[in-house]
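Remarks on the overall topology
What follows is each chain in one-letter form.
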Amino acid sequence: MKVCVVGSGGREHAFAKTLSTEAEVVITPGSAGIEGSTPEPATAIDADLYVIGPEVPLVNGLADELRASGHYVFGPGSDGALLEASKAWMKDLVHAAGVPTAGYASFGENQIEEVAGFLLTLEPPYVVKTDGLAAGKGVLVTDDYEEAVSDARNKLSGVSFGDAGRRIVIEEGLVGPELSLFALCDGQQAVLIPTSAQDHKRLRDDDCGPNTGGMGCYSPMPGMSSADLDELMDLAVHPTVEELKKRGIDYRGVLFAGFMMTKDGPKLLEYNVRFGDPEAQVILPRFEGNLSETLLEVAKGNLTTQPIVSADAMVTVVLASEGYPTSPRTGDVIHGMDDAKTIEGVTVFCAGVDSNIQGELVTNGGRVLNVCGRAPTLGAAREIAYKAVDAISWPGMQHRTDIGASIETSINREGIK
Ligand code: AMP
Ligand code: GLY
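Remember, it's a predicted structure, so these values are computed and weren't measured experimentally.

1. Thoughts on the overall build of the chain
Within the chain, the regular secondary structure consists of twelve helices and 25 strands. Seen along its three principal axes, the alpha-carbon backbone of the chain occupies a region of about 60 × 45 × 40 Å. Taken over 417 residues, the chain has a buried fraction of 57%. Residue pairs at least 24 apart in sequence account for 67% of intrachain contacts in the chain once pairs closer than 6 positions are excluded. Surface accessibility of the chain: about 16800 Å² in total, with carbon and sulfur atoms responsible for 48%.

2. Some words on helix H7 (residues 145–156)
For H7, built from twelve residues, the straight-helix expectation of 16 Å at 1.5 Å per residue is met to within 8% by its first-to-last C-alpha distance of 17 Å. Here H7 has its buried residues at Ala-148, Val-149, Asp-151, Ala-152, Lys-155 and Leu-156. Angularly, the buried residues of H7 cover 165 degrees about the axis, an arc narrow enough to put them on a single face. Lining the buried residues of H7 we find strand S5 (104–107), helix H6 (112–120), strand S6 (126–130), strand S7 (139–142) and strand S8 (168–172). Its side-chain oxygen at 3.0 Å from the backbone nitrogen of Glu-146, Asp-144 defines the N-terminal cap of H7. In the segment just after H7, Gly-158 is the residue with positive phi, at about 90 degrees.

3. Describing the layout of surface pockets
The volume enclosed by the second largest pocket comes to roughly 650 Å³. Lining the second largest pocket we find 32 residues, and of these His-13, Lys-17, Thr-347, Val-348 and Phe-349 sit closest to its centre. Residue assignment for the lining of the second largest pocket shows that the elements contributing at least two residues are helix H1 (10–19), strand S2 (24–29), helix H11 (337–341) and strand S20 (346–350). Tallying contributions element by element places S20 first for the lining of the second largest pocket, with five residues.

4. Let's talk about the site of ligand 1
Taken together, 14 residues lie around ligand 1, and Lys-129, Glu-171, Leu-174, Glu-178 and Glu-270 are the ones closest in. Measuring from an oxygen atom of ligand 1, one finds a side-chain N or O atom of Lys-87 at 3.1 Å. One of the backbone nitrogen or oxygen atoms of Glu-172 is found 3.0 Å away from a nitrogen atom of ligand 1. Burial of ligand 1 by the protein chains amounts to 82% of its free accessible area of 470 Å². Listing elements by their share of the shell around ligand 1, those giving two or more residues are S6, S7, S8 and strand S16 (265–272).

5. Quick notes on the sheet that holds S6
Strand order across the open sheet formed by four strands is S5-S8-S6-S7, with antiparallel pairing between neighbours. Only two strands of the sheet have a single neighbouring strand rather than two, namely S5 and S7. Each neighbouring strand pair of the sheet contributes to a mean axis angle of 15 degrees, computed without reference to strand direction.

6. Describing the sheet that holds strand S4 (residues 73–74)
Pairing between the strands of a sheet comes from backbone hydrogen bonds, and it takes one of two forms, parallel or antiparallel. Strand order across the open sheet formed by four strands is S2-S1-S3-S4, with parallel pairing between neighbours. Each edge of the open sheet carries a strand with a single partner, namely S2 and S4. Relative to S2, strand S1 (residues 2–7) runs parallel, the two sharing six bridges. When the bridges of S2 are listed, Val-5 appears paired with Ile-27. Strand contacts of helix H10 (residues 291–300): S1, strand S3 (49–52) and S4, with the helix running at about 90 degrees to S3, the strand carrying the most contacts.

7. Comments concerning the pairing of strand S19 (residues 313–320)
Counting buried positions along S19 yields eight of eight residues, so the element is predominantly enclosed. A two-sided burial pattern is seen for S19, the buried positions comprising Ala-313, Val-315, Val-317 and Leu-319 on one face and Met-314, Thr-316, Val-318 and Ala-320 on the other. Strand direction decides the pairing type here: strand S14 (residues 216–219) and S19, joined by four bridges, are antiparallel. Considered in S19, the bridge of Ser-219 is made with Met-314. Taken together, the eight bridges between S19 and strand S23 (residues 367–375) define a ladder with antiparallel strand orientation. Among the inter-strand pairings, Val-315 is bridged to a residue of S23, identified as Gly-373.

8. Some points on empty space enclosed by the protein
A full pass over the atoms with the stated rule returns one cavity of 30 Å³ or more. Considering only enclosed or pocket space, the largest cavity measures out at about 50 Å³ in volume. Lining of the largest cavity is provided by Phe-15, Ile-52, Gly-53, Leu-58, Phe-74, Gly-75, Pro-76, Gly-253, Val-254, Val-273, Arg-274 and Phe-275. Broken down by class, the residue content of the lining of the largest cavity amounts to eight nonpolar, three polar and one charged.

9. Quick word on the side chain of Ser-310
With respect to the helices and strands, the residue Ser-310 is situated in the loop between strand S18 (308–309) and S19. On the basis of relative accessibility, which here comes to 8%, the residue Ser-310 falls in the buried class. A polar contact is formed between the side chain of Ser-310 and the backbone nitrogen of Asp-312, at a distance of 2.9 Å. For Ser-310, the residues in contact, after removing those within four places along its chain, are Arg-286, Glu-288 and Arg-374.

10. A short note on the packing of H6 against H7
Close contact between H6 and H7 brings their axes to 10 Å; oriented N to C, the two are set at 150 degrees. The angle between the axes of H6 and H7 places the two elements in the roughly antiparallel class. Relative to H7, the crossing made by H6 is right-handed. Contacts from Ile-112, Val-115, Ala-116, Leu-119 and Leu-120 of H6 reach H7 at Tyr-145, Ala-148, Val-149, Ala-152, Arg-153 and Leu-156. Looking at side-chain class alone, the contact of H6 with H7 contains ten nonpolar, no polar and one charged residues.

11. Here we look at a negative patch on the surface
Among the surface-exposed residues, Asp-143, Asp-144, Glu-146 and Glu-147 lie close enough to one another that they form a single negatively charged patch. Position of Glu-147 among the secondary structure elements: in helix H7. Overall, the relative accessible area of 37% leaves Glu-147 in the partly exposed class.

Cut-offs used in this document
Residues numbered from 1 in each chain as written. Chains lettered and ligands numbered in written order. Predicted model: local features only at pLDDT ≥ 70, side-chain atom pairs only at ≥ 80, totals over all residues. Heavy atoms only, no water. Helix = DSSP H or I, 4+ residues; strand = E, 2+ residues; numbered from the N terminus. Buried < 20%, exposed > 50% of the residue type's maximum accessible area, 1.4 Å probe, protein only. Contact = heavy atoms within 4.5 Å. Areas by Shrake-Rupley, 256 points an atom, 1.4 Å probe, with all protein chains shown as cover. Expected span 1.5 Å × (residues − 1). Arc of directions from axis to C-beta. Polar contact = N/O pair within 3.5 Å; in protein donor to acceptor, adjacent residues only side chain to side chain. 1 Å grid on protein atoms, 1.4 Å probe; cavity = no way out; pocket = protein on both sides within 12 Å on 5 of 7 lines; lining within 4 Å. Points joined across faces, edges and corners; volume = space filled by probe spheres on them. Near = heavy atom within 4 Å. Pairing = 2+ DSSP bridges. Axes fitted to C-alpha atoms, helices over the stretch in contact; angles between N-to-C directions. Nonpolar A, V, L, I, M, F, W, Y, C, P; charged D, E, K, R; others polar. Parallel < 35°, antiparallel > 145°, perpendicular 65-115°, else oblique. Left-handed = near helix turned anticlockwise from the far one by under 90°. Patch = residues over 30% accessible without salt bridge, like charges linked within 9 Å, V, L, I, M, F, W, Y side chains within 5 Å. Salt bridge = Lys/Arg side-chain N within 4 Å of Asp/Glu carboxyl O. Lys, Arg positive; Asp, Glu negative; His and termini not counted. Charge placed at Lys NZ, Arg CZ, Asp CG, Glu CD.

Following this line, the structure appears as structure tokens:
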């Protein structure tokens, strides 16, 4: 089988590397650090299966275009991608499906007075979200009413997020630990990928510093059983798929559902229409059985294989460039990659790299490398990952030292323990 992976980050490297053990893989555009990279666009590549990693090409209809020319694609069309591209559309859909979610209302340009009035009816924390894609930065959670109104004003006027913010969703603020799950959906039914992963969003240790795309991740989360995840599937994902079908949407790809475990039970926070990054890096390599065949079944609308994931633990530590997340510096030479890769249990995925004229790997983005350790236990996986991190360096390299260290986020069916 020939598989074409679309994207250039660590998530797509994890797809390409895992799939390459069983299929011929090309990745577009990929990067200097990823084998099989080609600058040819996906539409010019002839493959048996296309796997689209990031949300932007999905929202822009790349899956529709490829399907229209008779190809099998893992990833929803632009209709299903609205689950991520429009929070107002997603909230209306899950509300219609009877999924528990935070109370909300959506507003357009010229409705700042209505926003201010609606916020007065809510208790803090106040939540103000851009309707459209904002690279994970479009959500403000604050206890300050004035700040919420001012943030809403900047979003609606286009000042802070351009067109993505000209419609906003105001939500009731929820409190509790967060949890994500991943399900494969073949257009008819969704099937749980039976593992859990926890991302660390803040730049610095102990969840300090600014929000990022994710500074590291571990899987599985101790104390989270498949039965717990199945309950969330029944509560949210299965009803969502039924509602998508009712609307004539044939969703083929992954559903990444984010929940908050409140004292009133789990509530759906968001859907993403792609794998998490860096969650994919600690899940895909642990896939047992044939990943390419499973994704092809999804793409064909006939998923019969039950996904199985190894019980091994994986930890990934994100190495970021100086200045990330506000203004990442590029072009720093990366040292020590080869040494790191010789450590048993280590895999390094390239998230943002390029090569310079000397042929050396250099930083080329905010999140640069994902250093992964795999072992039977979380503690051992963590140790392996950090041993490899110690071998790698470049000027200004940033990373957290506590990925997978504080794992007492214990979540039970009632919510917070
Ligand atoms: P979203 O992109 O909608 O998942 O929001 C990003 C982050 O904002 C979530 O992971 C939560 O930490 C926070 N958040 C989103 N919605 C709410 C809410 N209704 N109440 C409290 N926090 C929220
Ligand atoms: N790591 C979170 C995301 O991919 O959205």
